[in-house]
Each structure stands twice: as C-alpha cells, then as structure tokens.
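Observations on the three-dimensional arrangement
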Amino acid sequence: MSTTSRPGHRPPPARDGWVALVPVKPPARGKSRLVGLDDDSRRELAAAFALDTVTACLATPDVGQVLVVTDDAGFAGSLRALGAACIPDGDSGDLNATLCQAAAEAERRWPTLRPVALCADLPALRPHDLAAGLEALGVASRSAPAFVPDAAGVGTTAYAAAYDDFAPRYGGASRRAHLDAGCTEVAHAPATLRRDVDDLVDLQAATALGLAPRSAAVVAALGIF
C-alpha cells in the first residue's frame, strides 16, 4: 500500500541517522553585522538564511529529524511547515546552553539519532554537501566530538558528539576552543558547509558559491551585488 507525503510531515527517522540542531535567533534581531542594510533587509535575509539552511537539512537523506530552537513563535510556524520540529529557547543569550538543551530534548525524542549542531546562516548549503560533511563528522566523532570550522578558520559551523559527550564551545574563536577541548577538526568539509554569513563580505562569498532559492531571491530583490 502506498503512502502520500503531507506538507510538513517527516517520516520516521532511520536508525543511526542524524538529528540536526539548529538555533535560530528571531529574524528581527539577527544579522546585526550586515552593516549598510536597514532593519527590514537584515530581517528578510536572516529569515531566508534560516529557512534555506533548514530546507537543506530536511532534504539530506541521513538527517532523520531537524530540531530548531527559537523564541520567535511566528517564525517557528514557518519552520514547522517545512517539516522541522521547534522548541523555545530556554537559555536565550547563551548559545552553548541552548544547544545542550536542544541535545537533551533530541535524546528524549529520538535516542537512536546522533546530534549535530548547525549554524542557521548557511545560505549556500546543499544537501549533498551536508551529506558529505556528516559522513566525515560521523567518522571523526567515533572517538571524540568533532567539528567543522568556518571558512575564515576562526569559528565553527557544525559540531557533532554523542549525547553523553555533547558540549559545544561556540562563540568567538570557537575553532580554537574546540581544538583545546580535544575535538577533532574536519577541515576539508565542503565549502558550502563552512560558509556562514555574518557580514556583506561573507554574503558575497556565499553568493559566489550559489545561494539557495529563498536567499537568492532576497539578495536579488535588494540589489546588494
């Protein structure tokens, strides 16, 4: 008997797959470093980045579930419509505490899945690139937590660990913090997984890689480049 997928419906997760943990600031407060753009433009870009990132996660075969943490109830509705699960941020302002909260909730819901934290500002991310990055993280994290550094080699865009060892160190020079904590670096992950966007230089670099549809449409409408 065949089944028909419904919008927003996620099939039961495959055993030993991943649950992507995606922290999302309310778009009205996101991307403050996109200097030169007005508040509405930054809000539109932040929303598009998050929607495109979550869409890429949902389209990646090894990702069984996506759990978004956000305090924007209205935007959470848009993310749920894509197929993501959403919870409020009980540790707003502390990203690492937020991710640990998300990991604890993911373990309660999907104990057979492996948690991976992902930035919500990866507008060029493609499912096949995420799949390749997850494969590398899966191998690297067998004996210790593992992470993907950002394109600048300073921050972190992805972090994976077993539930019992899940202790991310995002913020500032997080690449060094993760290395100092004994995490394994996955330095040769696909470029689209490493290209987060904080400022207009980052956005131009992401645009050169090829933006996902929502982000591409907003950038084109704003006439930024």
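From a predicted model like this one, the values you see are computed outputs, not experimental measurements. (Residues numbered from 1 in each chain as written. Predicted model: local features only at pLDDT ≥ 70, side-chain atom pairs only at ≥ 80, totals over all residues. Heavy atoms only, no water.)

We now examine the pairing of strand S2 (residues 63-69). With 7 of 7 residues buried, S2 lies mostly within the body of the structure. One ladder, built from 6 bridges, connects strand S1 (residues 18-23) with S2; its direction is parallel. Counterpart to Leu 21 in the pairing with S2 is Leu 67. As for the winding sense of the linkage, the β-α-β connection from S1 through helix H1 (residues 39-58) to S2 is right-handed. Note that S2 and strand S3 (residues 85-87) share 3 bridges and pair parallel. Bridge assignment links Leu 67 to a residue of S3, and that residue is Ala 85. (Buried < 20%, exposed > 50% of the residue type's maximum accessible area, 1.4 Å probe, protein only. Helix = DSSP H or I, 4+ residues; strand = E, 2+ residues; numbered from the N terminus. Pairing = 2+ DSSP bridges. Right-handed = clockwise from strand over helix to strand, strands pointing away.)

For the rest of this paragraph, the subject is the environment of Asp 89. The topology assignment puts Asp 89 in the loop between S3 and helix H3 (95-109). Counting along the chain gives 34 residues from Asp 89 to Pro 123, while the straight-line C-alpha distance between them is 22 Å. Each residue touching Asp 89, except ones within four places of it in the same chain, is listed here: Val 69, Thr 70, Asp 71, Thr 98 and Gln 101. (Contact = heavy atoms within 4.5 Å.)

On to helix H2 (residues 73-82). Three or more residues of H2 are buried, namely Phe 75, Ala 76 and Leu 79. Along the axis of H2, the buried residues cluster in a sector spanning 105°; they form a single face. Pointing more than 90 degrees away from the buried face of H2 are the exposed residues Ala 73, Gly 74 and Ala 81. For H2, the secondary structure elements touched by its buried residues are H1, S2 and S3. Measuring from the backbone nitrogen of Gly 74 back to the side-chain oxygen at the start of H2 gives 3.2 Å, which picks out Asp 72 as the cap. Following H2 by one or two positions, Gly 83 has its phi on the positive side, about 125°. (Arc of directions from axis to C-beta. Polar contact = N/O pair within 3.5 Å; in protein donor to acceptor, adjacent residues only side chain to side chain.)

Formed by 56 residues in total, the largest nonpolar core has its most connected members in Leu 21, Val 22, Val 66, Leu 67, Val 68 and Leu 137. Grouped together as the second largest cluster of nonpolar side chains are 11 residues, Leu 45, Ala 48, Val 197 and Leu 211 included. (Core = buried A, V, L, I, M, F, W, Y, C linked by side-chain atoms within 4.5 Å.)

Summed over the entire model, instances satisfying the criterion amount to 1 aromatic pair. Note on Tyr 159 and Phe 166: the rings are 5.2 Å apart at their centroids and 80° apart in plane angle, and the pair reads as edge-to-face. Positioned over the ring face of Trp 18 is Arg 114, at 4.2 Å from the centre of the ring. (Phe/Tyr/Trp six-rings, centres within 6.5 Å; stacked < 30°, edge-to-face > 60°. Lys NZ or Arg CZ within 6 Å of the ring centre and 35° of its normal.)

So, on to H3. With 15 residues, H3 ought to run about 21 Å at 1.5 Å a step, and its terminal C-alpha atoms sit 21 Å apart, in line with that. Packed against the buried residues of H3 are S1, S2, S3 and strand S4 (114-118). N-capping of H3 is provided by Asp 94, with a side-chain oxygen placed 3.2 Å from the backbone N of Asn 96. (Expected span 1.5 Å × (residues − 1).)

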